Amino acid sequence: MRNAALVLGIIGGLIALIVGFFGYGYTEVVRSHAEVGEMFGEVQNPELIRLASFLSPLLAIAGGAMAKIRALWGGVLMLLGGGLMYYAFGFGVFTMFPIGFCLVGGLLALAAGKPDEPKAHF
């Protein structure tokens, strides 16, 4: 399960990276050219989109990379990355796979069975 969580987290993070590039780029284009925003739609909260465009792929890739050794931490990071992407971008045709991969990878990492080490996680 840890290997599946690793793969799902990294693939979901890479797809989220592409979505993040376009999300951040669109907020910059709307900021510098107001007529683009009038034509295609304004962004309600550009700071949230920019923050999620950076943090969501970062959390997903880092969580996937950590899933093999620290499954609890990796799973929590992947769940946070998927949740942040859902909160910022919503569930649509371009976000359904990164959100799904991150959430399933996070759940698999949390359900990986035995604890990472005999000591407490924190």
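- Under an unreviewed UniProt entry, the name given to the chain is DUF423 domain-containing protein, and the organism recorded is Paenirhodobacter hankyongi.

Remarks on the environment of Ile15
Move 1: By the element assignment, Ile15 lies in helix α1 (residues 2-32).
Move 2: Expressed as a C-alpha distance, the spacing of Ile15 and Thr95, which sit 80 residues apart in the sequence, is 8.4 Å.
Move 3: Beyond its immediate sequence surroundings of up to four residues, Ile15 is in contact with Pro98 and Phe101.

Describing the packing of aromatic side chains
Move 1: Counted under the stated rule, the structure contains one aromatic pair.
Move 2: The residue whose ring lies beneath Arg50 is Tyr24, and the NZ or CZ to ring-centre distance is 5.8 Å.

What about the packing of helix α4 (residues 71-89) against helix α5 (residues 96-110)?
When two helices pack together, their arrangement is given by the angle between the helix axes and the distance between those axes.
Move 1: Where α4 contacts α5, the axes come no closer than 8 Å and their chain directions differ by 155°. In terms of orientation, α4 lies roughly antiparallel with respect to α5. Note that α4 runs across α5; the crossing there is left-handed. On the side of α4, the interface is formed by Ala71, Leu72, Gly75, Val76, Met78, Leu79, Gly82, Gly83, Met85 and Tyr86, while α5 contributes Pro98, Ile99, Cys102, Leu103, Gly105, Gly106, Leu107, Ala109 and Leu110.

Criteria and cut-off values
Residues numbered from 1 in each chain as written. Predicted model: local features only at pLDDT ≥ 70, side-chain atom pairs only at ≥ 80, totals over all residues. Heavy atoms only, no water. Helix = DSSP H or I, 4+ residues; strand = E, 2+ residues; numbered from the N terminus. Contact = heavy atoms within 4.5 Å. Phe/Tyr/Trp six-rings, centres within 6.5 Å; stacked < 30°, edge-to-face > 60°. Lys NZ or Arg CZ within 6 Å of the ring centre and 35° of its normal. Axes fitted to C-alpha atoms, helices over the stretch in contact; angles between N-to-C directions. Parallel < 35°, antiparallel > 145°, perpendicular 65-115°, else oblique. Left-handed = near helix turned anticlockwise from the far one by under 90°.

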